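A look at the structure
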Amino acid sequence: MTDTPRLPEGYEISTDPTRIDAARVHRWLSTDAYWALGRSREKQDSAIGGSLNFGVYDTLSGEQVAYARVVTDRATFAWLCDVYVDPAVRGKGLGTALVARVREEVRPHGVKRVMLATHDAHGVYAKLGFRPLERPDHWMLLAFE
């Protein structure tokens, strides 16, 4: 594993679900995230309610500037998803610091695997210890499309 990247000054990460700006997260994901385009607010709220949520916040304004969620049993498996950084603050290392915090949050629970899917951010995740599946032929998918 790599060292834990530092969050830039002026930002903080919280797992407090009451701080999540659900309307903002829904807007980001349903209009700008290729994997969630058109996702309904009801579906997004349900996803937030059933997940471990991470928000990055501007410490001066309190405004949420990034989001990630983890679907996990907090014992054996975790799926990292919906990682999003507001375009206005991209390039500052917030996403890398956010995913590192996710990694450190689930590790103490004894989780053996944290899975994710990405179309375009392999390099970001590789810096944090993620790698392609060693045996993709062992994994299967049931898709309801």
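Report follows, based on the coordinates. (Residues numbered from 1 in each chain as written. Predicted model: local features only at pLDDT ≥ 70, side-chain atom pairs only at ≥ 80, totals over all residues. Heavy atoms only, no water.)

1. A closer look at the overall build of the protein chain
- The secondary structure content of the protein chain amounts to 4 helices and 5 strands.
- Listing each helix as α and each strand as β along the protein chain from the N terminus yields β-α-α-β-β-β-α-β-α.
- Its C-alpha radius of gyration of 15 Å places the protein chain within 12% of the 15 Å reference for a compact globule of 145 residues.
- With respect to the three principal axes, the spread of C-alpha positions in the protein chain is 45 × 35 × 30 Å.
- Counting across all 145 residues of the protein chain, residues that qualify as buried make up 39%.
- Look at the contacts in the protein chain between residues 6 or more apart in sequence, and 62% of them connect residues 24 or more apart.
- Accessible surface, the protein chain as shown: approximately 9000 Å² in total, 53% of it carbon and sulfur.
- Side-chain charges in the protein chain split into 19 positive and 19 negative, and the spacing between the mean points of these groups amounts to 4 Å. (Helix = DSSP H or I, 4+ residues; strand = E, 2+ residues; numbered from the N terminus. Rg over C-alpha atoms; globule rule 2.2 N^0.38 Å. Buried < 20%, exposed > 50% of the residue type's maximum accessible area, 1.4 Å probe, protein only. Contact = heavy atoms within 4.5 Å. Areas by Shrake-Rupley, 256 points an atom, 1.4 Å probe, with all protein chains shown as cover. Lys, Arg positive; Asp, Glu negative; His and termini not counted. Charge placed at Lys NZ, Arg CZ, Asp CG, Glu CD.)

2. A short note on helix α3 (residues 94-106)
- Given a rise of 1.5 Å per residue, 13 residues ought to cover 18 Å, and the 19 Å separating the end C-alpha atoms of α3 matches this to within 8%.
- Burial runs high along α3: 10 of the 13 residues are buried.
- Packed against the buried residues of α3 are β1 (11-14), β2 (52-58), β3 (64-72), β4 (77-85), β5 (113-115) and α4 (122-126). (Expected span 1.5 Å × (residues − 1).)

3. A look at the pairing of β3
- Among the 9 residues that make up β3, 7 are buried, leaving the element largely enclosed by the rest of the structure.
- For β2 and β3, the ladder comprises 6 bridges, and the chain directions are antiparallel. Across the sheet, glycine 55 pairs through a bridge with tyrosine 67, a residue of β3.
- Turn length for the β2-β3 hairpin, with the two strands adjacent in sequence and antiparallel, is 5 residues, and the turn residue glycine 62 shows positive phi of about 80°. (Pairing = 2+ DSSP bridges.)

Functional significance is not addressed by these values, which are geometric in nature.
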